[in-house]
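Structure at a glance
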Amino acid sequence: MNKSAYDIDIFLKDYVDKNSKFSFDRALALKEKFKYKKITSILDLACGTGLFLNEMVKSFDLEYGVGVDLSANMIKYAKKHNQSSKLKFVKGDMTNFSLEKTFDLITCNYDAINHLIMFEDWQKMFNNVYSHLKIGGVFTFDYNTLLKLKNFSRTSYYEYEEYNCVWHNTNENDRFNFDFSYYIKQKNGEYKLIKSSQIESTFPYKLIATTLKQMGFKHIKFCNKDFKKCNPNKVFRCFVICEK
Ligand SMILES: C[S@@+](CC[C@H](N)C(=O)[O-])C[C@H]1O[C@@H](n2cnc3c(N)ncnc32)[C@H](O)[C@@H]1O
């Protein structure tokens, strides 16, 4: 199996530089949404850097938060940058984990679910979420839609002081294919090339909705980032919220 892009230091640095704002904005939106709901615990699946979890535990004054991520590098980063006795970061697979705890809120942010290539794995993940959720607890995630997949092909170039990178995105075989090339500036002025790639999948919203319903989730809503109902066929990123 290829090394995950998240286990490559330069990719992780680039990820943190580009994406930290999403975590803070998401924590803010959830705080507003649940200002009248009693939430004492949170589980964040595919927690990445842990910044979102830390922000949630601080702003909701939660008793505890657990983050699970497959990448050892991400877990190392999360532990180093979010030190609190209320936080726990665990290396694990969101399709197959057992924490022997239940939570008021379970999240999976920033299209992390699209990393699960087979729909069977989305089902396994939903099943695990269901068994780790308290009755009345909330599950929310966001995903890249079929519309985004159709419009995915493009090449982007970014230039920074320490490195430059080219992201080549294609939508071959109904998958999101990312090809990353990082050119890292060396002390002697030359550049070292590091390449990596990643694949993501997406599925029709009706299949997602039916599966969640069959598993027992209630009040399933497809919405925008501010929890306003939306048509998943008309947006690139769709947020889903439901309850046990
Ligand atoms: C796009 S990042 C999102 C990280 C974080 N949720 C955020 O909002 O910044 C995707 C994350 O999913 C993790 N991941 C991918 N497959 C996973 C799996 N099967 N189980 C747990 N984590 C996984 C990756 O290691 C990576 O940290």
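Rules used throughout
Residues numbered from 1 in each chain as written. Predicted model: local features only at pLDDT ≥ 70, side-chain atom pairs only at ≥ 80, totals over all residues. Heavy atoms only, no water. Helix = DSSP H or I, 4+ residues; strand = E, 2+ residues; numbered from the N terminus. Expected span 1.5 Å × (residues − 1). Buried < 20%, exposed > 50% of the residue type's maximum accessible area, 1.4 Å probe, protein only. Contact = heavy atoms within 4.5 Å. Domains from an automatic or database assignment. Buried area = accessible area lost by both parts, 1.4 Å probe. Salt bridge = Lys/Arg side-chain N within 4 Å of Asp/Glu carboxyl O. Nonpolar A, V, L, I, M, F, W, Y, C, P; charged D, E, K, R; others polar. Phe/Tyr/Trp six-rings, centres within 6.5 Å; stacked < 30°, edge-to-face > 60°.

**Side note on helix H4 (residues 119–132)**
Its 14 residues give H4 an end-to-end C-alpha distance of 20 Å, which sits within 8% of 20 Å, the value for a rise of 1.5 Å per residue. Along H4, the residues that are buried comprise Phe119, Trp122, Met125, Phe126, Asn128, Val129 and His132. Against strand S1 (41–45), strand S4 (103–108), strand S5 (133–144) and helix H6 (205–215) lie the buried residues of H4.

**Observations regarding the domain arrangement of the protein**
Domain parsing of the protein yields domain 1 (22–146 + 201–243) and domain 2 (148–200). A separation of 27 Å is found between the C-alpha centroids of domain 1 and domain 2. Around 910 Å² of area is buried between domain 1 and domain 2 when both sides are counted, 55% of it from carbon and sulfur atoms. Counting across the interface, domain 1 meets domain 2 through 0 salt bridges. Grouping the amino acids of the side of domain 1 that touches domain 2 by side-chain chemistry returns 4 nonpolar, 6 polar and 1 charged.

**Concerning the packing of aromatic side chains**
Following the criterion strictly, the structure yields 27 aromatic pairs and no others. With a centroid separation of 5.0 Å and an interplanar angle of 85 degrees, the aromatic rings of Tyr130 and Phe217 are classed as edge-to-face. With Tyr130 in helix H4 and Phe217 in the loop between H6 and strand S10 (218–223), this pair connects stretches of sequence that are 87 residues apart. When its relative accessible area of 23% is taken as the criterion, Tyr130 is described as partly exposed. With a centroid separation of 5.5 Å and 70 degrees between ring planes, the pair formed by Tyr205 and Phe222 is classed as edge-to-face. Here Phe222 lies in strand S10 and Tyr205 lies in helix H6, a separation of 17 residues in the sequence.

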